[in-house]
Amino acid sequence: MTTTKPFNRILLTGAAGGLGQILRETLQAHANVVRASDISPMAPGAGDHEEVIECNLADKSGVHSLAKDVDVIVHLGGISTERAFEEILDANIRGTFHIYEAARKHRIKRVVFASSNHVTGFHRQDQELDARSERRPDGYYALSKSYGEDMATFYFERYGIETVSLRIGSSFAEPHNRRMMSTWLSYRDLGQLMERALLADDVGHTVVYGVSANRSTWWNNRHASHLGFIPQDSSEAFREKIERQPAPAANDPDLLFQGGAFTAAGPFENN
Ligand code: NAI
Ligand code: 15L
């Protein structure tokens, strides 16, 4: 028996990255074809349900071609840590602009944008935030994600292109340190969040924190409840292992700020 999938073709950028490799498989359930793209080389696609295309997001016409015959874009590609401004500018700021322009020209109705918790990274860890809290980006990387969120609002208001911006916490197989006990997003919960971001109706521009049901968390998704994201996992299973790590100093940014060590990265230019 054949089942009808919600989309014919999904474009996935950043497909060679940590989360791209995880989601490449998840997305197969939702589209006849997943077009996987990255600047890094990847193995050829498996059968006719996967297309693999190498592309630098800074290349406007390359991105335009990537978006041809696509129904929805999952935009994960770009620099994913704090780096010098010019690197971020090309991959993240120009790259995200190219994605939205391609969406407009190809009449693509929705983008799922991998934003980051670092958009609000300079808030202290004793504060609870929601999607309407003040943004306090903790570096150039965070500024690029904040700009990406603004671009999402603009493209919705001007052209009706919907976006779900995922302010992902720390999505790895398991939390790496004490901070991640609060910020961890399991791969299973990431999969559910992606599914809701693709399938929920009338999202406009929705901002949602990507975080599992951890015992302590700094983020409240009250303004994204229409997505129906209900995380199932918790970092608690790793507490004993994490607490065996040497305790950081009391003034370690990893214990003070929601963005942790990102708040202390750089400067990258000395004159
Ligand atoms: P990653 O660094 O493993 O993957 C990013 C991918 O983007 C890489 O494969 C890289 O080759 C590609 N890329 C970089 N520059 C490019 C360019 N100019 N053109 C085309 N592709 C380019 O990062 P990860 O962990 O997979 O994250 C995916 C997305 O989610 C990123 O946008 C990241 O900022 C965001 N995110 C991830 C978090 C996490 O905990 N993993 C937390 C918050 C946000
Ligand atoms: C991010 O935005 C990064 O992409 C990821 O590598 C993690 O460091 C994560 O944030 C985090 O805050 O732990």
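Up top is the structure.
These remarks concern the structure in this document. Treat the numbers as computed from the prediction; the structure is a model and nothing was measured.

**What about the site of ligand 1?**
Right, so step 1: In the vicinity of ligand 1, 26 residues are found, and the nearest of them are Asp 38, Leu 76, Ser 80, Tyr 141 and Ser 171.
Right, so step 2: Within the backbone of Gly 78, one N or O atom sits 3.1 Å away from an oxygen atom of ligand 1.
Right, so step 3: Within the side chain of Tyr 141, an N or O atom sits 2.6 Å from an oxygen atom of ligand 1.
Right, so step 4: Computed on the free molecule, ligand 1 has an accessible area of 820 Å², of which 86% lies beneath the protein chains in the complex.
Right, so step 5: Take the shell around ligand 1: its biggest share by element is three residues, from strand β5 (residues 110-116).
Right, so step 6: Each residue belonging to the shell around ligand 1 can be placed in one class, and the counts come to 11 nonpolar, 13 polar and two charged.

**Describing the nonpolar core**
Right, so step 1: One finds Ile 10, Leu 27, Val 74, Leu 166, Met 194, Leu 198 and Val 208 to be the most contacted residues of the largest nonpolar core, which totals 31 residues.
Right, so step 2: Counting residues per element, the ones that place at least two in this core are β1 (7-13), α1 (18-28), β2 (31-38), β4 (72-75), β5, β6 (162-168) and α6 (187-199).
Right, so step 3: The greatest single-element share of this core, amounting to five residues, is contributed by α6.
Right, so step 4: Ignoring sequence-local partners within four residues, the contact set of Leu 198 consists of Phe 7, Ile 10, Leu 27, His 30, Val 72, Val 74, Arg 110 and Val 112.
Right, so step 5: Ranked by size, the runner-up nonpolar core spans 19 residues in total, among them Leu 11, Met 151, Ala 152 and Tyr 155.

**Here's the deal with the sheet that holds β4**
Right, so step 1: In space, the seven strands of this open sheet follow the order β3-β2-β1-β4-β5-β6-β7, with parallel pairing throughout. The open sheet terminates on both sides in strands that have one partner only, identified here as β3 (50-54) and β7 (205-210). Averaged over all pairs of adjacent strands, the angle between their axes in this sheet comes to 20°, without regard to strand direction.
Right, so step 2: Note that β1 and β2 share six bridges and pair parallel. Its bridge partner being in β2, Arg 9 is matched across the sheet by Val 33.
Right, so step 3: Its contacts with the sheet place α1 against β1, β2, β3, β4 and β6, and it is angled at close to 165° to β2.
Right, so step 4: Strands β5, β6 and β7 of the sheet are contacted by helix α4 (residues 140-159), whose axis makes an angle of about 155° with β5.

**Examining the site of ligand 2**
Right, so step 1: Taken together, Ser 80, Ser 116, Asn 117, His 118, Tyr 141, Gly 169, Ser 170, Phe 172, Arg 179, Met 180 and Phe 262 are the residues near ligand 2.
Right, so step 2: Within the contact set of ligand 2, an oxygen atom lies 2.7 Å away from a side-chain nitrogen or oxygen of His 118.
Right, so step 3: Note that an oxygen atom of ligand 2 is positioned 2.7 Å from one of the side-chain N or O atoms of Arg 179.
Right, so step 4: For ligand 2, the accessible surface in isolation is 320 Å², of which the surrounding protein chains cover 83%.
Right, so step 5: In terms of residue class, the shell around ligand 2 is made up of four nonpolar, six polar and one charged.

So, how was this worked out
- Residues numbered from 1 in each chain as written.
- Chains lettered and ligands numbered in written order.
- Predicted model: local features only at pLDDT ≥ 70, side-chain atom pairs only at ≥ 80, totals over all residues.
- Heavy atoms only, no water.
- Near = heavy atom within 4 Å.
- Polar contact = N/O pair within 3.5 Å; in protein donor to acceptor, adjacent residues only side chain to side chain.
- Areas by Shrake-Rupley, 256 points an atom, 1.4 Å probe, with all protein chains shown as cover.
- Helix = DSSP H or I, 4+ residues; strand = E, 2+ residues; numbered from the N terminus.
- Nonpolar A, V, L, I, M, F, W, Y, C, P; charged D, E, K, R; others polar.
- Core = buried A, V, L, I, M, F, W, Y, C linked by side-chain atoms within 4.5 Å.
- Buried < 20%, exposed > 50% of the residue type's maximum accessible area, 1.4 Å probe, protein only.
- Contact = heavy atoms within 4.5 Å.
- Pairing = 2+ DSSP bridges.
- Axes fitted to C-alpha atoms, helices over the stretch in contact; angles between N-to-C directions.

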